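Okay, here's what each chain looks like letter by letter:
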Amino acid sequence: MTLFNVSGKTVVVTGGSRGIGRMVAQGFAEAGATVFISARKSAEVNAAAEEIGCTGVVADLSTPEGIATLVEALPERVDVLVNNAGATWGAPLEEFPESAFDKLWNINVKGVFFLTQQLLPNLRKAASAEDPARVINVGSVDGIRVPALESYPYSATKAGVHMLTRHLARQLAGEHITVNAIAPGPFESKMMAFALDDPGTRRAIAGSVPLGRIGSPEDMAGTAIFLASRAGAYLTGTVIPVDGGITC
C-alpha cells in the first residue's frame, strides 16, 4: 500500500463538483488526502464538498479573478494540482461561432496554464527529489484522434492541453514538479449525458470501446492516484489514455 499511498497530501481538483473531477476528488478523499474542489456554481460546489468530505471553493477559472479566488483559498503547500475544469461545444462547421472558440480556449487551455503558473509557489513548497509535487491535466481522447462530433475547439484545445503538459513537464522537471495528462474516453459526465442517457446510444458507445464498457469512477481515480503516489514519481510529460482501448 505504501507504493500508492497519498494520505496526508493536499490535493486540488478543479471542476470537482461533478463528472470526472468528482470521481478524482472522491478517490483522493477516500485514500486519505486533504482535498479542495472548485467549480463555478456555488450550490453544486457546496453539495459536492459536503458529500465528499472536502473543502469547496466557488471560482470561474476562465478568468484571472476566478484563478486568484481559488489560489487565495488554498494552503501555502499543495502536493497535487488536478486541472480538470473544462467545457465543450458542438455546432455544424458553417455555423460554428467564434465565441465558442473563445470560451473553450479560456477555460480548457488558459485556465490550465495560469492556474498552474499561480500555484507554482505552493507546489514548490511540496516538491522534493524523492516525492515531487504533481500537476495532472485532464485532456481527452478527442485530443488524440478526430472525434465523430463537430466539436472543433474541444478537440483542438485538448490537443493543446497535451502539448502544454509536455512543455510544462520539461520546464519544471528541474524543480521536482512532474506534469502529466490523463486522456479519458467515455465516462459518466455532463458532457457525455446527451449520449449516455439514451440506452441505445449508450450501448453503441460501449460497443465501440475495445474493452466493451463505459469507464468507471475507479478507473479515473485510480489513474490519478497512481500519478500522485510514489508509484508515479518517475513519470513526467506523459499523456495516458484511459479509454478502454479506443486509441489503440
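Below: a short report on this structure. Since the structure is predicted, the reported quantities are computational estimates derived from the model, not experimental observations.

Conventions and cut-offs
- Residues numbered from 1 in each chain as written.
- Predicted model: local features only at pLDDT ≥ 70, side-chain atom pairs only at ≥ 80, totals over all residues.
- Heavy atoms only, no water.
- Pairing = 2+ DSSP bridges.
- Helix = DSSP H or I, 4+ residues; strand = E, 2+ residues; numbered from the N terminus.
- Axes fitted to C-alpha atoms, helices over the stretch in contact; angles between N-to-C directions.
- Contact = heavy atoms within 4.5 Å.
- Right-handed = clockwise from strand over helix to strand, strands pointing away.
- Buried < 20%, exposed > 50% of the residue type's maximum accessible area, 1.4 Å probe, protein only.
- Arc of directions from axis to C-beta.
- Phe/Tyr/Trp six-rings, centres within 6.5 Å; stacked < 30°, edge-to-face > 60°.

## Concerning the sheet that holds strand β7 (residues 239-242)
Phase 1: Taking strand neighbours across the sheet as the criterion, the 7 strands line up as β3-β2-β1-β4-β5-β6-β7 in an open arrangement whose pairing is parallel. A strand with exactly one partner marks an edge of an open sheet, and here the two such strands are β3 (55-58) and β7. Neighbouring strand axes in the sheet, compared pairwise and without regard to direction, differ in orientation by 20° on average.
Phase 2: Where strand β1 (residues 10-14) and strand β2 (residues 34-39) come together, 5 bridges link them in parallel fashion. Note on β2: the bridge partner recorded for V11 is V35.
Phase 3: Strands β2 and β3 of the sheet are contacted by helix α2 (residues 42-52), whose axis makes an angle of about 170° with β3.
Phase 4: On the sheet, helix α9 (residues 217-228) packs against β4 (80-83), β5 (133-138), β6 (177-184) and β7 and is oriented at approximately 165° with respect to β6.

## What about the pairing of β3?
Phase 1: Bridging between β2 and β3 involves 4 bridges; their strand directions are parallel. Across the sheet, the residue bridging to I37 is G56, located in β3.
Phase 2: With α2 bridging β2 and the parallel β3, this β-α-β connection has right-handed handedness.

## Here's the deal with α2
Phase 1: Residues V45, A48, A49 and I52 constitute the buried set of α2. The arc that holds every buried residue of α2, seen down its axis, measures 100°, which confines them to one face. Away from the buried face of α2 by more than 90 degrees, exposed residues A43, E50 and E51 are located.
Phase 2: On the buried face of α2, the contacting elements are α1 (19-30), β2 and β3.
Phase 3: G53 sits one or two residues past α2 and shows a positive phi near 90°.

## Overview of the environment of Y154
Phase 1: For Y154, the position within the fold is in helix α6 (residues 152-172).
Phase 2: Here Y154 falls in the buried class, since its relative accessible area comes to 10%.
Phase 3: Taking the C-alpha atoms as reference points, Y154 and D142, separated by 12 residues in sequence, lie 7.7 Å from one another.

## Focus: the packing of aromatic side chains
Phase 1: In the structure shown here, the tally under the stated rule is 3 aromatic pairs.
Phase 2: With a centroid separation of 4.9 Å and an interplanar angle of 90°, the aromatic rings of F113 and F114 are classed as edge-to-face.

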